[in-house]
Amino acid sequence: MNSSSTQFVTSGGMGMYDHMHQLSMWGESFKSNGSPHPLSSMLLPNTSPSLIITADMKLDNQSEDTSGTPGPLNKYDQEVTKSSEKIQRRLAQNREAARKSRLRKKGLYVASGVEASHVGFNGAVNSGIATFEAEYGHWLEEQQKHVSDLRAAVTSNISDGEMRVLVEASLNHYYELFRMKGAAAKADVFYVMSGLWKSSAERFFLWIGGFRPSELIKILRPKIEPLAEPQLQGICNLGQLCQQAEDALSQGMDRLQQTLAQSVADGQLGEASYSPQIDTAMEKLDGVVRFVRQADHLRKAALVQVSQILTPRQAARGLLVLGEYFERLRALSQVWATNTREPE
Amino acid sequence: MGLASENGLVIFSKSSCCMCYAVNMLFQGIGVKPVMYDIDQDPEGREMEKALMKLGGAAAAGPVPAVFIGGKFMGSTNEIMSAHLSGQLVQMLKPFHHSMS
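Residues numbered from 1 in each chain as written. Chains lettered and ligands numbered in written order. Predicted model: local features only at pLDDT ≥ 70, side-chain atom pairs only at ≥ 80, totals over all residues. Heavy atoms only, no water.

Peer 1: Break down the interface of chain B and chain A for me, with residues and values.
Peer 2: Buried accessible area, meaning the area lost when the parts come together, often serves as the stated size of an interface. With 23 residues of chain B at the interface, the matching set in chain A holds 20 residues. Between chain B and chain A, the buried area comes to about 1800 Å², and carbon and sulfur atoms account for 67% of it. For the chain B face of the interface with chain A, the top three residues by lost area are Cys18(B), Met19(B) and Leu85(B), together amounting to 36%. At the junction of chain B with chain A, the criterion picks out four residue pairs in polar contact (both at pLDDT 80 or more). Sorting the residues of the side of chain B that touches chain A by element identifies helix 2 (18–29) and helix 4 (77–85) of chain B as the ones contributing at least two each. Looking at which element gives the most residues to the side of chain B that touches chain A, the answer is helix 2 of chain B, with seven residues. Classifying every residue of the side of chain B that touches chain A by side-chain character gives 13 nonpolar, 10 polar and no charged. (Contact = heavy atoms within 4.5 Å. Buried area = accessible area lost by both parts, 1.4 Å probe. Polar contact = N/O pair within 3.5 Å; in protein donor to acceptor, adjacent residues only side chain to side chain. Helix = DSSP H or I, 4+ residues; strand = E, 2+ residues; numbered from the N terminus. Nonpolar A, V, L, I, M, F, W, Y, C, P; charged D, E, K, R; others polar.)

Printed below as a string of structure tokens:
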């Protein structure tokens, strides 16, 4: 076996024929919904394995090194590595599309119209965003479990201690999402600002790349009543404090948007930028990343406060309400998408 | 940082920093007007920036905004936001309310 096919056959240790079989199986899963998945037709124009196999055939012909041992990369090896990386990305995307298809069937995931937005004009994939989308798929599955656990807990007689454990687990799951978003923001801040991984209904309520804490508090308060006076006060007060913090961040964000727009108009951002001005342009984009992260920090701080103000049982109830609210939003997007009416 | 101890509420900022503007707006929204000190307008700005970075530590997103209340360093945006949501910020500002415009 020469080194090119060694590189194509990666950690799976599969041979050429196994790859072909795998690819044709993926092709089948795309067709299982009755029509080819829109994402797959973007990634695999003919939804056939032949495209990838052809690339591999070319690798075989190009490589001169038959020893199989890694040496200094010559020009052909570099080509092979690049193609191999491209193929790996394609395979990862295919796996991801199949996974989303499974989630969609379970009603857990709604594709946005610009789902493949991280694929650039030249076909290059933003790996930070691809990673985020893959992780978000996992996150949604986990979230469903947390919501089920909370639902079972609030109707049960478990102790406050056990309830607290469930509450903490659910909260940490949200904090994990904020961490993921922070990393994604570095990869493509506009993607995160636009909430492109979310369903369209969720995006309707978007505020700096996510939910608005004061809105959530308004929604969940009536659902967790009756509350003792200090807690009712605490929650109402928290809502107000969140509103103030949101207003401040919104004003800062508005100002940043204005300066960014000015930079674009002045030709300071984009491919035609001259290097002395690139620093200011990058500074401004870093500024957007900072706002996205600050908004997530606010969301986390709000959740922390909610869990401190409420009893474990009330907090569990609140988190259940929250989880179900987002589930309904996602379902709403799906219902709307599948029931689009004909133009009159 | 003699500046900080003279006034109740001082925020070290940069003229281009929109997060500094946001924090300024937060304080104004709760009825206090901070003294905004733009370090990029100061001839010793570089030195000040270094000092603020040391104060803020590795976790801070940048040297500014750096908030001082009663001469004491309170932190950057994260700390101020957390303090606000917990109700602590309003408490901390009470002694300085009467001296603010």
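Peer 1: Could you give an account of the pattern of salt bridges, with specific residues and numbers?
Peer 2: Pairing is possible between side chains that carry opposite charge, provided their charged atoms lie close to one another. Residues and elements named next belong to chain A. Following the criterion strictly, the structure yields 13 salt bridges over all chains and no others. Note that Lys218 is salt-bridged to Glu215, the shortest N-O span being 3.3 Å. Note that Lys218 and Glu215 are positioned in helix 10 (residues 213–224) at a spacing of three residues, about one turn of the helix. Via salt bridges that share partners, Arg151, Glu324, Glu327 and Arg328 belong to a single interconnected network. (Salt bridge = Lys/Arg side-chain N within 4 Å of Asp/Glu carboxyl O.)

Peer 1: Summarise the packing of helix 2 of chain B against helix 4 of chain B; cite the residues concerned and give the values.
Peer 2: A pair of packed helices can be characterised by two numbers: the angle between their axes and the separation between those axes. Residues and elements named next belong to chain B. The geometry of helix 2 relative to helix 4 is characterised by a closest axis approach of 11 Å and an angle of 25° between their N-to-C directions. Between helix 2 and helix 4, the angle falls in the class roughly parallel. Relative to helix 4, the crossing made by helix 2 is left-handed. Between helix 2 and helix 4, the residues in contact are Met19, Val23, Leu26 and Phe27 and Thr77, Ile80, Met81 and His84, respectively. Looking at the contact of helix 2 with helix 4 residue by residue, the class counts come to six nonpolar, two polar and no charged. (Axes fitted to C-alpha atoms, helices over the stretch in contact; angles between N-to-C directions. Parallel < 35°, antiparallel > 145°, perpendicular 65-115°, else oblique. Left-handed = near helix turned anticlockwise from the far one by under 90°.)

Peer 1: Provide a residue-level description of the nonpolar core, including the pertinent values.
Peer 2: Generally speaking, a soluble globular protein has its nonpolar side chains buried in company with each other. Leu249(A), Phe27(B) and Leu89(B) are the most contacted members of the largest nonpolar core, which totals 92 residues. In contact with Leu249(A), other than residues within four places in its own chain, are Trp207(A), Ile208(A), Phe291(A), Gln294(A), Ala295(A), Leu298(A), Met19(B), Ala22(B) and Met81(B). (Core = buried A, V, L, I, M, F, W, Y, C linked by side-chain atoms within 4.5 Å. Buried < 20%, exposed > 50% of the residue type's maximum accessible area, 1.4 Å probe, protein only.)

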